[in-house]
Amino acid sequence: MSPHDHPAERPLREVALVFGRLGVVAFGGPAAHIALMREELVRRRGWVDDRRFVDLMGATNLIPGPNSTELALHLGHERAGWRGLLLAGVCFILPAALMVTALSWAYVEHGQAPAVTGLLYGVVPVVVAIIAWSVVGMAPTVLRSRWLVLLAVAGLAAYLAGVNELVVLFGGAGVAAVVRAARSLHERRARGERLGALGLPVLLASAVLGEANGAQLAQLFWTMLKIGSLLYGGGYVLLAFLEGDFVDRLGWITQQQLLDGISLGQVTPGPLFTTATFVGYLVAGLPGALVATVAIFLPSFVLVGLLTRLAGWLRSRTWTSALLDGVNATGLALIVGVCSELAVNALVDPLTLALAALTLLVLWRTRWSSTWLILAGAAVGIAHALAT
């Protein structure tokens, strides 16, 4: 930092550097993103403690949109206020959006995107280890009682049995509320304490695209804005929304193109929602990529901006605190489930097993940045691909 920098600018600089770097190396989907954020911002930098981190993680599960991106917005706000919120989101999203735009160009020009399977061969085992280490670190904070452990185990079993992740999350919240009600019934017999329903209205404000931008860009904007405002769940849910609107209703892209776009979103770092960038590029080139990216992420900025005023309130009230405990327990179970699925697909030979084990050892014995671990995994993956 320059000696002439104002002290108030230092948190903003930190937010930009941390989330810009995470946006470049955050492979592996939301569970990996969350683990990387915890490693960088709780364990290494101490921006928040584990209790605050898991509460923010739980709060993002209550609203639509990409959860890991919304967690980045929350953490940026924790560090540097509203400007930190905006900067964290832009820096986390922008690297992935630029990568997907470049790959979209290659796809349109050559009919297929460059292969990155060699890179992922080395990266994903490292990511699996980082997620596992993060779960170990968060578990004592999240699973603070025997019944929360049982709730997490039940949530993991349900997820592995194929139950929708939203059913698992909100089922956990419901069970936690019922347990809390049973425990406090005798205390509230004399006076009925009413719990108002927690409303999370979607209040969106956006500028209307002018006629000069074209009717197609306007329709692209509003369609992506609608998806970003309503979508709960992971990549399969996003696929269903995009297919319903852009393949079936509008007919702008084919189903194969959409599947290729989802694949690009999965093999690039950052949020999977950058698949919208690919779709926008196919529809209207660079302007379409920009419009689609802004539109699908805009609701997250608005909703998290509103939720920052509620996160502390949720924990301070008895009933909503119990609800948050349930969401956190089942959310941790979902991370374990995703980690196990990644491990089955990634730990396929002695080299990948060794990569994961070595990563766990480094995380245990040092405070090295996870960025270097992922870059080392990428180097191993590329070397392996060249040697075979």
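Rules behind the numbers
- Residues numbered from 1 in each chain as written.
- Predicted model: local features only at pLDDT ≥ 70, side-chain atom pairs only at ≥ 80, totals over all residues.
- Heavy atoms only, no water.
- Helix = DSSP H or I, 4+ residues; strand = E, 2+ residues; numbered from the N terminus.
- Contact = heavy atoms within 4.5 Å.
- Areas by Shrake-Rupley, 256 points an atom, 1.4 Å probe, with all protein chains shown as cover.
- Expected span 1.5 Å × (residues − 1).
- Bend = angle between axes of the 7 residues up to and from the residue.
- Salt bridge = Lys/Arg side-chain N within 4 Å of Asp/Glu carboxyl O.
- Buried < 20%, exposed > 50% of the residue type's maximum accessible area, 1.4 Å probe, protein only.
- Phe/Tyr/Trp six-rings, centres within 6.5 Å; stacked < 30°, edge-to-face > 60°.
- Axes fitted to C-alpha atoms, helices over the stretch in contact; angles between N-to-C directions.
- Parallel < 35°, antiparallel > 145°, perpendicular 65-115°, else oblique.
- Left-handed = near helix turned anticlockwise from the far one by under 90°.

Caption draft 1: Highlighting the overall build of the protein. Scanning the protein from terminus to terminus reveals 15 helices and 0 strands. Put simply, of all contacts in the protein between residues at least 6 apart along the chain, 75% involve residues at least 24 apart. Working note: accessible area of the protein is about 17700 Å², and carbon and sulfur atoms make up 64% of it.

Caption draft 2: Representation of helix α11 (residues 275-307). Helix length check: α11, at 33 residues, gives a terminal C-alpha distance of 25 Å against a target of 48 Å (1.5 Å per residue), a shortfall beyond 12%. Most pronounced at A284, the bend in α11 amounts to some 145 degrees, and the proline P287 follows within four residues.

Caption draft 3: Local environment of the pattern of salt bridges. Counted according to the given criterion, the structure contains 12 salt bridges. Between R21 and E40 there is a salt bridge, with the nearest N and O atoms lying 3.3 Å from each other. With a gap of 19 residues between them, R21 in helix α1 (residues 9-25) and E40 in helix α2 (residues 30-44) connect regions that are remote in the sequence. What makes E40 buried here is its relative accessible area of 0%.

Caption draft 4: Layout of the packing of aromatic side chains. For the structure on display, the rule yields 5 aromatic pairs. Considering the side-chain rings of F19 and W47, the 6.5 Å spacing of their centres and the 55 degrees angle between planes classify their relative orientation as tilted. With F19 in helix α1 and W47 in the loop between α2 and α3 (50-60), this residue pair connects regions lying 28 residues apart in the sequence. In this structure F19 comes out as buried when scored by relative accessible area, which is 0%. Using a relative accessible area of 14% as the deciding quantity, one classes W47 as buried. With a centroid separation of 5.1 Å and an interplanar angle of 75 degrees, the aromatic rings of Y107 and F278 are classed as edge-to-face.

Caption draft 5: Looking closely at the packing of α1 against α2. Between α1 and α2, whose axes approach to 11 Å, the crossing angle comes to 150 degrees. Considering the angle they form, α1 stands roughly antiparallel to α2. α2 is crossed by α1, and the crossing has right-handed handedness. Seen from α1, the contacting residues are V18, F19, R21, L22 and V25; seen from α2, they are L36, M37, E40 and L41.

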